[in-house]
Structures are given as structure tokens and as C-alpha cells.
There are 2 protein chains.
Amino acid sequence: MMPPGTWQRADIRLATGIAQAELIAVLAAVTDEEPRVMTVAAGQALPSGPFVSSHRSLQAGLRDWIEQQTGHPVGFLEQLYTFADRDRDPELAEARRISISYLGLVREQPAPGADRPEWHGWYEYFPWEDRRAGVPPVVERIVAELAAWAGSKSGRRQRIDYAFGLNGQGWNEDLALQRYELLYEAGLVPEAGRRDLPGLGLPMRGDHRRILATGIARLRAKIKYRPVAFELMPESFTLLRLQRTVEALAGLRLHKSNFRRQIDQQELIEETGEMAAETRGRPAMLYRYRATVLEARALAGTRLPISRN
Amino acid sequence: MMPPGTWQRADIRLATGIAQAELIAVLAAVTDEEPRVMTVAAGQALPSGPFVSSHRSLQAGLRDWIEQQTGHPVGFLEQLYTFADRDRDPELAEARRISISYLGLVREQPAPGADRPEWHGWYEYFPWEDRRAGVPPVVERIVAELAAWAGSKSGRRQRIDYAFGLNGQGWNEDLALQRYELLYEAGLVPEAGRRDLPGLGLPMRGDHRRILATGIARLRAKIKYRPVAFELMPESFTLLRLQRTVEALAGLRLHKSNFRRQIDQQELIEETGEMAAETRGRPAMLYRYRATVLEARALAGTRLPISRN
DNA sequence: TGACATATACTCAGATTGAGCATTACATCC
DNA sequence: GGATGTAATGCTCAATCTGAGTATATGTCA
């Protein structure tokens, strides 16, 4: 069964080694204060396809492909996760399928013409994740259903409390994946093959909705400590526009002046000198990112209680 | 060339879709205040091997394998990165190889008996990463060589400054991967096929040293916001022991009382009631982790300037 | 008993954060 | 032309968090 070989004694031998490889992309953009994801199959799948050669690496190949498809350069591209679960594709018995997923950010959403992939709002798939206008009504029903599923199992109850911020836990927008997985486990989404509760968002093919949730969670975590939001903005922008973009991604409202303070004490941006030509209210200054600082901050880290002697 | 198929118009078509899949593990433990990694081939390779079926997922298979090999349960296991670069394995022309790497933490290092994989200290491979006893002397030479390589190219100079904390940038322990990549690009490590500067640590086969650097960087970043250090500790431990473990991973000394304050205001641990039976100094209290809190904190996130209305 | 050596407790100033108020600058309506 | 609406920008203030250091407690060992 197993190929003899060059491996050492401590080899990891789990399988026969041949697999079918596939790339799946979560491509995000924010337009009109709405985060969107590129889809195919009438919004029921993420763009994906077999992977092979001709390119020097996965990343390089995917980058070219995206620029071709969207007509926009990809500012940010990062691997999400690689799956190879057996039950994902029952047809393939021997050669199991390996799916490598990526998260990419593009600056603008291309006009939805014929022959073009469609873009759908994140929150069409995850209505419970958008709290910008308050807690959506569907959450109450979700929590009730989950409570029924949990019964008296305290492990389940605790997970629900954490994920949905119940019992004084506080909502954490990063837990998008955990929330989807709870719904899946509880059989509340159609992908789980059981009940189809209305109002729980559009389903997707296979585990694509789970992959999208992974991308959302990753991006939400990342905007807090890496200047990635800029990858979604046009050349120049107002501070409010930037705030609205971050809010759209996080699904939360932010405190205006504190947001501004945070931004400018990081020195990520600088004034262009121009003013925004919007209609209502006092006109705002336009800003642009400071490329050099951005690069430095892209590497910055968090802190340990270091001792300096 | 390309298989016809079920894909939509927006498919990602980069390749023919068949690949050879391989798993690579970065397995870490901390013993005697020294972080170690499991190796094979006399310390020149990470354990790896072909992947196939029999297990429900990559993660599950790898977990079993590790427990079998080390005799210890794996507390923490997380995917690092998936590579599929063409030039990695020149023999395979058609079916390129996909390498999926993982980071795992085990509680103790098994006794190195015959037929057992060996464990090597991280810092044998990356001597410049350990600053617990101050900046190692080799750093001066590294920086000089890198400066020569950079010449007057300001992009390179800037990257060097960030990575090594020069010119008032401050050392960031998380940048282990970037530092290795600089050395690689500059041709200062033997893996790059050019010069072999002595004192720059042991090389590894293929890109295994790069993968190890990825694991180190990931773990260093993670200990700051997730309670993973506990996965490396025995049942009960003193606060100093915990601090020494974190210091070993970070390659830095921490401020003692601030470290303690940080730990106990997070309520991650509780007293066992016992005292440590060590010899020198005042005996310390023994602690254990609080499983439930740990689980909650495992999900905790960082903060945005949220508005509460 | 006294010299170590480490544990644990406390203090304090400076920086960061969450929240809110005040003032400014336009557009538009009457 | 002045009132009104809307958003931009500036400022304040208390609470909390951090970095650094000092003081005291409790063991072992010579």
C-alpha cells in the first residue's frame, strides 16, 4: 500500500500520497459600505478550480488569475486553510481531494456585466453577523434553537454563550467561524443536511459557506493589528469612509473620535491637501496611506511584558 | 490540457489537478528552559511523509501519528502553511508536490532512546533568535553581511532594519521568518546554495528550516494572545517555570512582576494548594490551569474602538 | 545564626482607552 | 440673509493598563 522510499524512520505515513488539488478563493471587496464576496453558480459557490503547474507557486498563480477575472490588482492575498476531509467528496475514493483556500482583497468591485462572476454581500450568507444597526432580530430565534439543541449539556451551553456573547460574555465579532460551526452542528443550516430554518442566510455548495466564514473571521481579526483595511480603499478617502469600511467588515459601529485618534497616532495616513466634494455637512479632508509606514506596520507585533536591563 | 468539467465560468484553472501530497510537522516541546523540535535524519529534517486516507481529516491523522511517535498527547495542533512551489522538487515534473505543514505542541520530550526521533534545540538552527542572555555575538556579523548585500538599495536596508530592530526600530521576536528569509535571499545560509557562513546555525534539508522558522514565528505571535504556553507545561507548575517557558519560546527575558500580574488578572490559573519542593529560595506555590477559562480565552480577541449606544 | 535566593506584595508615574462635549464649516431651505 | 441640518475636527476627563522598581516574606545551606 505504502510506497517505499526515502523517508526516515519517523515518517508520517497516513496515506498513499496522491491527491487531487483544488484552489478556492474568498475574494472580498467593500462597496457602498457593504462587504461583498465574489461568487459563481448564482451565488452558491466560491470561485474554485483544479490547480497545476505553469506558475511558480500557488500564490503567484492565484494572483494572476484574480487580476484577470476582476480587472483589479489584488492588494492582499493570504492562505486561509487547507482541507482534506474524506467525506467531502464521496466520488473520489482513492485520490482524495485537497482544497487550499485563500483570502484576497480587491479595491473595487467590477461592474456586474455579462459573463462576469457575481458579487454577493457577506451578510446575505450570515445575517446574524451584521450588528451595525443593532442586533438583528433573527439572533433571538437562533439562540432559542441553539438552546434547545444544547439541552442540559453544559459544554454546548458554554460554547453558545461564548460564540454569541450571552450571559455577560460580550459579542466578539471574530468568532464568525465558531458561530457558523455551531449552527452546522446543531443542524440549523441546510448544508448540515437536516433542517432548513428560514432567515439563516443563503446556503452554499459543499463547505463553501464554512470557508467564507473562515475568511470573514480571519479578516475581522486582522484589521485590528494589521493595516489591511487600506487594501480595500481607493487612492484617497476621507476618515469617515475608512471608518465605514472597517465597520462593514467588523459588522459593528465604532466610536468616531476614538477611531480617528487610533488611525492618526499610528501615522498610517497623510493628508492629500484636497477636500472631499460630498454634498452634506462640512467637507472632509482626503487622506492617502503612507506606503513606507504601512510596510513597517505590516510586520509590527503585539507585546509581552519585556524586561529591559 | 485542462479537464472539462463541472466548473463555472469563473474557475481557477492553473493546472491539471493531480498532485503528490506530503505532511510536514513542526513538533515543539520545552525542556530545561530550552525549546526543542522533533527531527529526523540526524537533525537535518523535520518529520514528514506522504498523506492519504484512513483518517477522517489531515488533522486527525497527524494527531494519531504524533501520539504514537512521541508517546505524549498533542495538546495543540494547528496548520501552518501549504506550499506547492514548482522548484521545490525537480524530479516531479507533472505531478507537483504539495506540502502541508503543521505546528504541534507536546508536553514533554520523550527520552531519546534508540529508534526514536531526536529532538534538537530551536536555537541550534537559529542562534540569532535567542536574546535571553543578551544579543548573541553572531548578530553583529550577520548585520554586517546583510548591509554589504543591501548596498545602497534602500528597500533592502529598510527590511533589514525592521527585521533586526536596527536604527531605533526595536527587536520584534515575531519576525523569525522574515529574518531567515533575509539571510536566505542574501545567500548567507547554505540552503540558498551559495556561501556558508559559519555560526549561522545548522542547515536543514530542502526548505525545512524555513518551515521551522514559520512555526517559531507563529508560536511566538500566538503566546501573546492565546493561552498556548500551558500546552507545554506539566500538570502543575510554578509561576517562574511558566515564565521561563514563555521566555524560552520568545527568546527574551520578561519582567517578573508584570508577567505575574498579567497571568493572574487573566484568571487562567489557580493554586493547587501544594508548594514546589525545589531547593533554593523561598518555595513557590504550584498552580494549574483552569480548563473552562482556558477554553474561553482560546477564543478571546483583541479590540476595536467600539461604540456602545 | 546569618547569608543567600527566590517568592510575593505594593507603589507610582506615564500611556492608553472609552466616552462624551464643543466648536467649526459647508449646503440648503425658508 | 439667517436659520437649520449634517458632518468634520478638536478637546477633555476619568478609568484602566503598563513599565519599572522597591519592600517584605520564607525557605535552604553553610
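Positions within a chain are numbered from 1, following the residues in the order the chain's sequence is written. Chains carry letters and ligands carry numbers; both start at the beginning, A for chains and 1 for ligands, and go up in the order they are written. Local features in this predicted model are restricted to residues of pLDDT 70 or higher, and side-chain atom pairs are both shown and tallied only at a pLDDT of 80 or more, whereas totals for entire chains, interfaces and linings draw on every residue. As a convention, hydrogens and water are excluded, and side-chain values are obtained from all of the structure's heavy atoms.

## Points about the protein's contact with DNA strand C
What counts here: Note on terminology: near, applied to a residue and a molecule or strand, indicates that one of the residue's heavy atoms is within 4 Å of it. Under the rule applied, a polar contact is a pair of N or O atoms within 3.5 Å (in protein, one hydrogen donor and one hydrogen acceptor; residues adjacent in sequence only if both atoms are side-chain atoms). Helix and strand assignments follow DSSP, with helices taken as H or I runs no shorter than four residues and strands as E runs no shorter than two, numbered in order from the N terminus. Residues are grouped as follows: Ala, Val, Leu, Ile, Met, Phe, Trp, Tyr, Cys and Pro are nonpolar; Asp, Glu, Lys and Arg are charged; all remaining types, including Gly, are polar.
The environment of DNA strand C is made up of 21 residues, and the closest members are S257, R261 and R282 of chain A together with K256 and M285 of chain B. At the protein interface, 56% of the atoms of DNA strand C within 4 Å belong to sugar or phosphate. Note that a base nitrogen of DNA strand C is positioned 3.1 Å from one of the side-chain N or O atoms of N258 of chain A. A distance of 3.3 Å is found between a phosphate oxygen of DNA strand C and a side-chain nitrogen or oxygen belonging to R280 of chain B. Secondary-structure elements contributing two or more residues to the surface near DNA strand C are helix 8 (256–265) of chain A together with helix 8 (256–265) of chain B. Considering each element in turn, the surface near DNA strand C owes the most residues, 4 residues, to helix 8 of chain A. Residues of the surface near DNA strand C, tallied by class, amount to 6 nonpolar, 8 polar and 7 charged.

## Let's talk about the packing of helix 5 (residues 176–185) of chain B against helix 6 (residues 208–222) of chain B
All names here are of chain B. Our working rule: To get an axis, fit a line to the C-alpha atoms, keeping to the stretch in contact for a helix; angles then go from 0 to 180 degrees between the N-to-C directions. Each angle receives one of four descriptions, namely roughly parallel if under 35 degrees, roughly antiparallel if over 145, roughly perpendicular if within 65 to 115, and oblique otherwise. What makes two residues a contact is simply this: any of their non-hydrogen atoms within 4.5 Å.
Where helix 5 meets helix 6, the axes come as close as 7 Å, and the angle between the chain directions of the two elements is 155°. Compared by their axis directions, helix 5 and helix 6 come out roughly antiparallel. Mapping the contact onto sequence places A176, L177, R179, Y180, E181 and Y184 in helix 5 and R209, R210, A213, T214, I216, A217 and R220 in helix 6. The residue makeup of the contact of helix 5 with helix 6, split by class, is 7 nonpolar, 1 polar and 5 charged.

## Quick word on the pattern of salt bridges
Think of it this way: side chains of opposite charge can pair up when their charged atoms draw near. Residue and element names in this part refer to chain A. Spelled out, the test is: We count a salt bridge whenever a side-chain nitrogen from Lys or Arg sits within 4 Å of a carboxyl oxygen from Asp or Glu. Each residue gets one of three labels from its accessible area relative to the maximum for its type: buried under 20%, exposed over 50%, partly exposed in between, using a 1.4 Å probe on protein chains only.
Enumeration according to the criterion identifies 34 salt bridges over all chains in this entry. A salt bridge links R179 to E129; its shortest N-O distance comes to 2.8 Å. With a gap of 50 residues between them, R179 in helix 5 (residues 176–185) and E129 in the loop between helix 2 (122–125) and helix 3 (138–150) connect regions that are remote in the sequence. The shortest N-O distance in the salt bridge between R159 and E185 comes to 2.6 Å. Of this pair, R159 sits in helix 4 (residues 154–164) while E185 sits in helix 5, placing them 26 residues apart in sequence. Overall, the relative accessible area of 30% leaves R159 in the partly exposed class. When its relative accessible area of 38% is taken as the criterion, E185 is described as partly exposed.

## Some points on the protein's contact with DNA strand D
In the vicinity of DNA strand D lie 20 residues, with K256 and G281 of chain A together with S257, R261 and R282 of chain B positioned nearest. Taking the atoms of DNA strand D that fall within 4 Å of the protein, sugar and phosphate contribute 54% of them. R280 of chain A places a side-chain nitrogen or oxygen 3.2 Å from a phosphate oxygen of DNA strand D. Within the side chain of R282 of chain A, a nitrogen or oxygen atom sits 3.4 Å from a base nitrogen of DNA strand D. Of all the elements in the fold, those that place two or more residues in the surface near DNA strand D are helix 8 of chain A together with helix 8 of chain B. A class-by-class count of the residues in the surface near DNA strand D yields 6 nonpolar, 7 polar and 7 charged.

## Some details on the side chain of E191 of chain B
Residues and elements named next belong to chain B. Position of E191 among the secondary structure elements: in the loop between helix 5 and helix 6. Here E191 falls in the buried class, since its relative accessible area comes to 16%. A distance of 2.8 Å separates a polar atom in the side chain of E191 from a polar atom in the side chain of R209. With near-sequence residues (within four places) excluded, E191 lies in contact with Y180, Y184, P203, M204, G206 and R209.

## Some points on the environment of A291 of chain B
All names here are of chain B. Considering the arrangement of structural elements, one finds A291 in helix 9 (residues 291–297). A relative accessible area of 56% places A291 in the exposed class. The spacing of A291 and L268 is 23 residues in sequence and 8.1 Å in space, taken between C-alpha atoms.

## Some remarks on unusual backbone geometry
Backbone geometry places E267 of chain A, a non-glycine residue, at a positive phi of 55°. Summarising the element assignment, E267 of chain A is placed in the loop between helix 8 and strand 7 (269–275). In this structure, D32 of chain B is a non-glycine residue whose phi angle is positive, near 50°. Position of D32 of chain B relative to the elements: it lies in the loop between strand 1 (18–31) and strand 2 (34–39).

## A closer look at the packing of aromatic side chains
Selection criterion: Here a Phe, Tyr or Trp ring, Trp counted by its six-membered ring, pairs with any other such ring whose centre lies within 6.5 Å, and the pair is stacked when the planes are under 30 degrees apart, edge-to-face when over 60, and tilted otherwise. Should the NZ of a Lys or the CZ of an Arg lie within 6 Å of a ring centre and within 35 degrees of the ring normal, that charge is described as sitting over the ring.
Following the criterion strictly, the structure yields 18 aromatic pairs over all chains and no others. Geometrically, the ring pair formed by F230 of chain B and F237 of chain B is tilted, given 6.2 Å between the ring centres and 40° between the ring planes. This pair shows no difference in class: F230 of chain B is buried, exactly as F237 of chain B is. Chaining the aromatic ring pairs together yields one cluster made of F126, W128, Y180 and Y184 of chain A. Of note, R210 of chain A hangs over the ring of Y184 of chain A, and the distance from its end group to the ring centre comes to 5.0 Å.

## Brief notes about helix 5 of chain A
All names here are of chain A. Heads up, the condition is: Picture the helix axis, draw a direction to every C-beta atom, and the arc is the one those directions span.
Along helix 5, the residues that are buried comprise A176, R179, Y180, L182 and L183. Along the long axis of helix 5, the arc covered by the buried residues comes to 155°, so they all point the same way. The secondary structure elements touched by the buried residues of helix 5 are helix 3, helix 4 and helix 6 (208–222). Once helix 5 finishes, G187 follows within two positions and takes phi at roughly 70°, a positive value.

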